Each structure stands twice: as C-alpha cells, then as structure tokens.
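Residues per chain, in single letters:
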Amino acid sequence: MVDRVCLGAVTGAHGVRGQVKVRPFTENPDDVAAYGPVEDESGDRRFELQVTGRHKDGVIVRVDGVADRDAAEALRGTRFYVARSVLPEPSDGEYYHADLIGLAVVATDGRQLGRVTAMHDFGAGDLIEYVGADGRSQMLPFTEAVVPEVDLAGGRLLVDPPEGLLD
C-alpha cells in the first residue's frame, strides 16, 4: 500500500484574494480539507486548507498563507497529499485509486495484460489505464463485470473484458 494519497489538484486561481480552484479526487469534494494539513508532491511544502465554496469541476479553497491572485496562480498544478494513515479504511468493494496503481492486470484466461498506470474518471465512471508488454496504453472500465476480482495482497486485478475490447 502507498504511504500517501492525493486528495486533489489545484486547477487555477479563484478571484483576487488568494483562493484556488481544486479538482477533488475524494468521494465527497469537501473532504480535500477534512484530514488535516496536506503536502505537495515532494513533501516539502505543507498547507492548511479550508473549503469555501463549489465550482463546476470541484471546490474553491482558501490556502493558509496565500493572500493574492499571483500566489494562488503559482499553486496551479499542485497536488495535495495526506498520509494514508489519516484516511478511513475503504469499505468492502471500494479502493483508493493509489492502491490500484502498479497492480498486474491479468485476464481471466491467464494472459498477463500489463500493469495499472493510472485511474481516470472522465464523468462516466472509473477507467483503469494499463500499459502492456508492447508499451501500448489501454483502458478498461473499472466495473464489477469487467474487473471481477481485485487482489491487493496478491498485487493483481483479474479482468474479464467484453469480447473484442482488447482486439
């Protein structure tokens, strides 16, 4: 399991008083600020966050110490992380995306398809992105029908893609 989990990413400044727009990667968008201070990807900077509103793609956040638009804009692209230990354990059948990255993707017929490189949600549900031995990237829907088994301890996803999807 991973030590840190990304809760969201700054997509830009909001207004002139230092607030930022954040695309949350949490089930509840307000939870980007619910687990205490967050860190940037390197772990060098820590931030206290307060959700102040919503926008079409996420939440508006006040970042402690950021007081103007220029400082807010400088945070664009920053990802906010927390220690895995402060997060609740996922319910049965639920997973943190970070725990799925790196798992082997194995077809129900035993074929090794590749390794999970990313998880995406473009609005119609989660997608698994994996890279095969040929270096090509593929995507599969992360549904119970297509991914009947997630074996975190064994380091693999068992997949049963619909006929023709992998052709």
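Just above, that's the structure.
Residues numbered from 1 in each chain as written. Predicted model: local features only at pLDDT ≥ 70, side-chain atom pairs only at ≥ 80, totals over all residues. Heavy atoms only, no water.

Participant: Outline the pattern of salt bridges, listing residues and values.
Facilitator: Counted according to the given criterion, the structure contains 10 salt bridges. For Arg-45, the salt bridge is made with Asp-40, and the minimal N-O distance between the two is 3.1 Å. Note on Arg-45: relative accessible area 39%, which makes it partly exposed. With a relative accessible area of 9%, Asp-40 lands in the buried category. Note that Glu-149 and Arg-156 form a salt bridge whose closest N and O atoms lie 3.2 Å from each other. Owing to a relative accessible area of 30%, Glu-149 belongs among the partly exposed residues under this scheme. When salt bridges that share partners are traced, they join Arg-4, Glu-39 and Arg-46 into one network. (Salt bridge = Lys/Arg side-chain N within 4 Å of Asp/Glu carboxyl O. Buried < 20%, exposed > 50% of the residue type's maximum accessible area, 1.4 Å probe, protein only.)

Participant: Report on the side chain of Thr-78, specifying residues and quantitative values.
Facilitator: Assignment of secondary structure puts Thr-78 in the loop between helix 1 (69–73) and strand 7 (79–83). Once you skip the residues sitting within four places of it in the chain, Thr-78 turns out to touch Gly-8, Ala-9, Val-10, Asp-40, Arg-45 and Phe-47. (Helix = DSSP H or I, 4+ residues; strand = E, 2+ residues; numbered from the N terminus. Contact = heavy atoms within 4.5 Å.)

Participant: Can you break down the pairing of strand 10 (residues 126–131) residue by residue, with the values?
Facilitator: Here six bridges tie strand 9 (residues 112–121) to strand 10, and the two strands are oriented antiparallel to one another. Each residue of the ladder has a partner; that of Ala-118, found in strand 10, is Glu-129. Where strand 10 lies against strand 11 (residues 137–141), five bridges are found, and the strand directions are antiparallel. Bridge pairing in strand 11 places Val-131 opposite Ser-137. Taking the residues that link successive antiparallel strands as the turn, the strand 10-strand 11 hairpin has five residues, and the phi of Gly-135 there is positive, at about 85°. (Pairing = 2+ DSSP bridges.)

These results come straight from atomic positions and should not be treated as a statement about function.
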